[in-house]
Amino acid sequence: MTYDLVALVDGRPSSEDVLAGLAAAGAELGVRAVSGGAVVQLCDDEDRPLVSIELPLLIQVPGEVERMLGAEVGTVDTPAWWVEIRASALEGARELAEKFARTLIDRLGGKVWTPEGVGIAATGEENH
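Here the residue index of a chain counts from 1 through its sequence in written order. Whole-chain, interface and lining totals are the exception, using all residues; otherwise, since this is a predicted model, local features are given only for residues with pLDDT of at least 70 and side-chain atom pairs are given and counted only at 80 or more. Excluded from the side-chain calculation are hydrogens and water; included are all heavy atoms of the structure.

Undergrad: With reference to specific residues and values, describe the pattern of salt bridges.
TA: A side chain with one charge can pair with a side chain of the opposite charge if their charged atoms come near. A carboxyl oxygen of Asp or Glu within 4 Å of a side-chain nitrogen of Lys or Arg is what we treat as a salt bridge. Under the criterion given, the structure shown has 10 salt bridges. Among the ionic pairs, Glu98 bridges to Arg94, the shortest N-O distance being 3.4 Å. Taken together, the residues Glu98 and Arg94, both in helix 3 (residues 93-108) and 4 residues apart, mark about one turn of the helix. Judged by relative accessible area, Arg94 falls into the partly exposed class, the value being 33%. By sharing partners, the salt bridges in this structure join Asp4, Glu54, Glu84 and Arg86 into a single network. Helix and strand definitions follow DSSP, with helices as H or I runs of at least four residues and strands as E runs of at least two, each counted in order from the N terminus. The buried label goes to any residue with under 20% of its type's maximum accessible area, the exposed label to any with over 50%, and the partly exposed label to all in between, with areas taken from a 1.4 Å probe on protein chains only.

The structure is reproduced here in C-alpha cells:
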C-alpha cells in the first residue's frame, strides 16, 4: 500500500529546493522523470520507484486546501504550493518521502499533511 503526503509550501519550490529535498531523501538513490516530466521518482539500485513527487501546483482559492484535505488540515493561507508525494510500499520509502517533505518545509515554510494528521513529517509531531 502506498503512503501519501502533501507538502503545503508557503513559497514556490525552486529547482534548488527540489534538488535539496531529493539529496536529503537519499543522495545515493537514482532519480528519473516520468509522465513527461510531471513526476520525479527516487529509485533504488534495482530501479524500483521508492518515492514519486509530482510537480508543485499553485492553490490560490481560499479554503480549497481545507475542502480537499478536510478541516483537520487547519487554515492554509493562499496562495500555497501543493506538492504531492507518494511513497511505495517498499521498505524505507515512507521515511524517504518524509525527509523530502521536511526539507521543503524547512526551506520554504508551510506544513505537511499525511493520513495521520498535519505536521507529522515536518516536525515529528501533530500540529492540529
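Undergrad: Report on the layout of surface pockets, specifying residues and quantitative values.
TA: In this approach the atoms are scanned with a rolling probe the size of a water molecule, which exposes any empty space left behind. Computed from the structure, the largest pocket encloses a volume of approximately 190 Å³. Cavities and pockets are defined on a 1 Å grid built over the protein atoms alone: a cavity is a set of grid points where a 1.4 Å probe fits but cannot escape, while a pocket is an open set with protein on both sides within 12 Å along at least five of seven lines, and lining residues are those with an atom within 4 Å of any such point. For the largest pocket, the lining is made up of 15 residues, of which Val18, Val40, Glu54, Leu55 and Pro56 are closest to its centre. Residue assignment for the lining of the largest pocket shows that the elements contributing at least two residues are helix 1 (15-26), strand 3 (39-43) and strand 4 (49-54). A total of 3 residues in the lining of the largest pocket trace back to one element, the largest contributor, which is helix 1. Residues that form the lining of the largest pocket fall into these classes: 11 nonpolar, 3 polar and 1 charged. Grid points are joined across faces, edges and corners, and a volume is the space filled by probe spheres set on the points. Polar here means any residue other than Ala, Val, Leu, Ile, Met, Phe, Trp, Tyr, Cys and Pro, which are nonpolar, and Asp, Glu, Lys and Arg, which are charged; Gly is therefore polar.

Undergrad: Any chance you could break down the packing of aromatic side chains for me, citing the residues and the numbers?
TA: The rule is short: rings of Phe, Tyr and Trp, with Trp giving its six-membered ring, pair when the centres are within 6.5 Å, and they are stacked under 30 degrees, edge-to-face over 60, tilted in between. Considering all chains together, one arrives at 0 aromatic pairs under this definition. The aromatic ring of Tyr3 is capped on one face by Arg94, whose charged end is 3.9 Å from the ring centroid. Lysine NZ or arginine CZ positioned within 6 Å of the ring centre and within 35 degrees of the ring normal marks a charge as sitting over the ring.

Undergrad: Go over the pairing of strand 2 (residues 30-34) with me, naming the residues and quoting the values.
TA: Here the rule is simple: two strands pair whenever DSSP picks up at least two bridges between them. Where strand 2 and strand 3 come together, 5 bridges link them in antiparallel fashion. From the neighbouring strand, Ala33 faces strand 3, where its bridge partner is Val40. Two successive antiparallel strands, strand 2 and strand 3, enclose a turn made up of 4 residues, where Ser35 displays a positive phi of approximately 55°.

Undergrad: So what's going on with the nonpolar core? Residues and values would help.
TA: One broad rule of soluble globular proteins: the nonpolar side chains tend to lie buried together. Residues belong to one nonpolar core when they are buried, are Ala, Val, Leu, Ile, Met, Phe, Trp, Tyr or Cys, and are joined through side-chain atoms within 4.5 Å. Counting residues in hydrophobic clusters, the biggest one holds 23 residues, and the most contacted among them are Val51, Val83, Ile85 and Phe100. Those elements giving two or more residues to this core turn out to be strand 1 (3-9), helix 1, strand 4, strand 6 (80-87) and helix 3. By residue number, the principal contributor to this core is helix 3, which donates 7 residues. Beyond its immediate stretch of four places on either side in the chain, Val51 contacts Val40, Gln41, Leu42, Ile85, Arg86, Ala87, Ala93, Leu96 and Ala97. Two residues form a contact once any of their heavy atoms are found within 4.5 Å.

Undergrad: Give a description of the side chain of Thr103 that names residues and reports values.
TA: Positionally, Thr103 belongs in helix 3. When sequence neighbours within four positions are dropped, the list of residues in contact with Thr103 reads Ala20, Gly21 and Ala24.

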